[in-house]
Structure formats: C-alpha cells, structure tokens
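Residue-level structural notes
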Amino acid sequence: EAVFLRKKITLLRAFSLLIGSMVGSGIFISPKGVLKNSGSVGFSLVVWFACGLLSMFGALCYAELGTRITKSGGHYIYILETLGPLPSFLFLWAEFFAIRPANSAVVSLAFGRYMLEPFFAPCAAPVPAVKLVSLLGYYTVLTLNSWSVTWSARLQTALSIVKLLALALIIVPGMMLLAQGHTENFQDAFDRESLVLDKLPLAFYAGMFAYSGWFQTSFVREELVRPERNIPLAVIVSVITVIVGYMLTNVSYYTVLGTQDVLASPAVAVSFVQQAFKSLISVVPVLVALSCFGTMNGGIFTFSRS
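Rules used in this analysis
- Residues numbered from 1 in each chain as written.
- Predicted model: local features only at pLDDT ≥ 70, side-chain atom pairs only at ≥ 80, totals over all residues.
- Heavy atoms only, no water.
- Helix = DSSP H or I, 4+ residues; strand = E, 2+ residues; numbered from the N terminus.
- Rg over C-alpha atoms; globule rule 2.2 N^0.38 Å.
- Salt bridge = Lys/Arg side-chain N within 4 Å of Asp/Glu carboxyl O.
- Buried < 20%, exposed > 50% of the residue type's maximum accessible area, 1.4 Å probe, protein only.
- Axes fitted to C-alpha atoms, helices over the stretch in contact; angles between N-to-C directions.
- Parallel < 35°, antiparallel > 145°, perpendicular 65-115°, else oblique.
- Left-handed = near helix turned anticlockwise from the far one by under 90°.
- Contact = heavy atoms within 4.5 Å.
- Nonpolar A, V, L, I, M, F, W, Y, C, P; charged D, E, K, R; others polar.
- Core = buried A, V, L, I, M, F, W, Y, C linked by side-chain atoms within 4.5 Å.
- UniProt positions renumbered as here; feature names shortened; annotations may be inferred.
- Phe/Tyr/Trp six-rings, centres within 6.5 Å; stacked < 30°, edge-to-face > 60°.
- Polar contact = N/O pair within 3.5 Å; in protein donor to acceptor, adjacent residues only side chain to side chain.
- Expected span 1.5 Å × (residues − 1).

Helices and strands together make up the secondary structure of the chain, namely 12 helices and 0 strands. Each helix and strand of the chain, placed in order from N terminus to C terminus, yields the pattern α-α-α-α-α-α-α-α-α-α-α-α. Taken over the C-alpha trace, the chain has a radius of gyration of 20 Å; the compact-globule value for 306 residues is 19 Å, and the two agree within 12%. The C-alpha extent of the chain, read off along each of the three principal axes, is 65 × 40 × 35 Å.

What the rule picks out here adds up to 1 salt bridge. Residue Arg100 is joined to Glu95 by a salt bridge in which the shortest nitrogen-to-oxygen separation is 3.1 Å. Considered together, Arg100 and Glu95 belong to a single accessibility category, that of buried residues.

This brings us to the packing of helix H1 (residues 11–22) against helix H12 (residues 284–303). At their nearest, the axes of H1 and H12 sit 7 Å apart, and the two run at 120° to each other. When the axes of H1 and H12 are compared, the pair comes out oblique. Where H1 crosses over H12, the two elements pack in a sense that is left-handed. Taken together, the residues of H12 that come into contact with H1 (itself represented by Leu17, Gly20 and Ser21) are Gly294, Thr295, Gly298, Phe301 and Thr302. When its residues are assigned to classes, the contact of H1 with H12 shows 2 nonpolar, 6 polar and no charged.

With that settled, consider the nonpolar core. Ranked by size, the top nonpolar core spans 75 residues in total, and within it Phe28, Trp48, Val239 and Tyr246 carry the most contacts. Per element, the largest residue contribution to this core is 12 residues, and it comes from helix H9 (residues 227–256). Beyond its immediate stretch of four places on either side in the chain, Tyr246 contacts Met22, Val23, Gly24, Ile27, Trp48, Ala210 and Tyr211.

Bringing the UniProt feature "transmembrane region" (unreviewed entry) in the chain into the picture now. Mapped onto this structure's residue numbering, the UniProt feature "transmembrane region" (unreviewed entry) falls at residues 12–29, 41–63, 75–99, 119–141, 161–182, 202–220, 232–256 and 276–303. Secondary structure within residues 41–63 divides into 100% helix and 0% strand; the distance between the first and last C-alpha atoms comes to 33 Å. Regarding residues 119–141, the helix share stands at 74% and the strand share at 0%, and the terminal C-alpha atoms are separated by 23 Å.

Moving on: the packing of aromatic side chains. Each aromatic ring pair is characterised by the separation of its centres together with the angle its planes make. In total, this model carries 10 aromatic pairs according to the counting rule given. A ring pair is formed by Trp48 and Tyr211, whose centres lie 6.2 Å apart and whose planes are at 55°; its orientation type is tilted. Separated by 163 residues along the polypeptide, Trp48 in helix H3 (residues 41–68) and Tyr211 in helix H8 (residues 200–211) bring together distant segments of the chain. Overall, the relative accessible area of 0% leaves Trp48 in the buried class. When its relative accessible area of 0% is taken as the criterion, Tyr211 is described as buried.

Once that is clear, we can look at the side chain of Asn145. Structurally, Asn145 is set in helix H6 (residues 127–147). According to the relative accessible area criterion, Asn145 is buried, its value standing at 14%. One polar contact links Asn145 to Ser152, side chain to side chain, over a distance of 3.5 Å. One polar contact links Asn145 to Asn297, side chain to side chain, over a distance of 3.0 Å. Among all residues touching Asn145, those that are not within four sequence positions of it are Ser152, Asn297, Ile300 and Phe301.

Next up on the list: the side chain of Ser88. Its place among the elements puts Ser88 in helix H5 (residues 85–120). Here the side chain of Ser88 touches Pro85 through a polar contact of 2.8 Å, landing on its backbone oxygen. The residues contacting Ser88, other than those within four sequence positions of it, are Tyr76, Ile79 and Leu80.

Attention now moves to the packing of helix H4 (residues 75–83) against H5. Look at H4 against H5: their axes get within 7 Å of each other, and the N-to-C directions meet at 160°. On the basis of their axis angle, the class for H4 and H5 is roughly antiparallel. Pair H4 / H5 crosses with right-handed handedness. Contacts between H4 and H5 involve His75, Tyr76, Ile79, Leu80 and Leu83 from the former and Pro85, Pro87, Ser88, Phe89, Phe91, Leu92 and Glu95 from the latter.

Moving on: H9. Along its 30 residues, H9 runs 42 Å from first to last C-alpha, staying within 8% of the 44 Å computed at 1.5 Å per residue. Looking one or two residues past H9, Gly258 carries a phi angle of roughly 90°, positive in sign.

What follows is about the environment of Gly26. By the element assignment, Gly26 lies in helix H2 (residues 26–38). Sequence spacing of Gly26 and Ala105 is 79 residues, and the spatial spacing of their C-alpha atoms is 13 Å. Excluding residues that lie within four positions of it along the chain, Gly26 makes contacts with Pro31, Phe209 and Ala210.

Dropping the structure here:
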C-alpha cells in the first residue's frame, strides 16, 4: 500500500507553526544587531519593517508553490522538482550539515541562557550550565517529535500563545509610557550622520534572522487540511501578526531603554524588564526561554519532513 502522511494540521495548527517558528530568540537578541548596524532608532525601525515585507513576499511565493507542488519537503522538494536531483542533494547536504545546526545552536543557546537567567541574576549564568540546559531542551523536543505528531502540534499551539504573551508583556508597558509622553528617546530618530551604508546588510541579516520561519508550512504540505485554503490564510495572518508585534516590541524597547542601553545589553528583554517592572524579573526570561523552546520544536517538526 502507498505510504502517506495523515492530514492532522488544521488552520490553527498551521498558524501556530508559523508564529511559533518566527517568534523565537530573534526578537529578543536581534534588536541590538539591527540598531548597531543601522545607526539610529528610525533607520532600525525601517529595517525591521522592510525585513517583514521581504518575509511576506517570500511567504506568499511559498504559499503559491505549496498549492502547485503537493509534496512535503519545503526547499528541497521545490529544488528537486525544478532543477533536478543534484542541486537538491547539494542543498540538503548544506542544510543538514551547516545551516540547520548553526541556527538550532543559536536558538537553543538562547533558550539555555534565558532559562537560567532568574537563578543567577544579576550575574551571568555559567557557560557550561547554559550549554547543558540547551542540550537538554533540544533533546527533549527531539524526543517528543519522535514520539507523537499530535502532541508536538499541541505543544506548538500552546507555546505560540506563550510567545504572544511574552511580546504583550513587553509591548504594553512600552506603549503606556509612550502614551504618557516619554518620547525623548525618539528625538532625532533619523540621524544621517550615524548611518553607514556598508553596515546595512548586517542590519538586514539580523532582522531577517528574527523573521526566519515563514516557510515552515511548505515542509508539512501533505499533512495540511485543505492546503489550498489554509496555506495562504496561515501565511498572511501570521506574517502580518509578527510584523506588527515586532514593530511594537522595538518601539517599546526604545521607549524604555534608549539606544545606549539596547547596545550595551547582552539580553535586551531582561534589561527591558529590569527597567519597566521589576516584579516580573523572573517571569519574562522564562517566557522568552519557552518562546525559544517553541522555535526549536517547530524547526524539528518541519525539517524532519525533508
């Protein structure tokens, strides 16, 4: 009999998969890189918005490919169908041995760092402990995905809610301060003297890293319920949600911290909580860690279909 994947991914799960894959460590560690290489608050916000638009264009292209090519596998299957087996093999080799391990390492280390933050504050967590917790979290997700597709999808939905909650805890106090007239950090937001054009690609690189994950539904095409309807809907709603969330989060960062504090902070989200409300100093790092955990789960869930 033919072997096929069961259609277990509904519109809600597809939306959770995209949100859970995009909102991870990027928004909590990339603002420093975007600001440093864009030169000013105004230009950094332009970079964040431009990265969101590029991600939307890419996601819409993949949504169209997903309705045309009915196989799971994402980048690999699209290259295989269009360019042939050799280019697709070379891409998959690079993805397995370089791209995915590096990306997973960044996300898992961010998970370990934020998970240990409340236990060692105000000191930095020991590097061996961070690595140990990172490995533990990664292999936990790997074991869960090997055990059950349904429970992995349910976990992704729950963690997507946690991700949005973490963003809301950053956005709300920042917007409240902004509404009270705290706009001093936005004075001379577009300072042209600080703009260095040869560093802008690095700013876009950091921003695009935060948006990475918009292509995840293409990896699970065969498991999607009504893919011709749910892929475009999930892509459009999730990417717009992330763009709005990222823009408001960065505005909140700059409202509370200012440019110098953002550039000096090794963990922007933690520095934000220390300034905004100390009562949640031990809660937000854990939410950020769970956000990274969801990104790891989404990455393993989709890439195992290649």
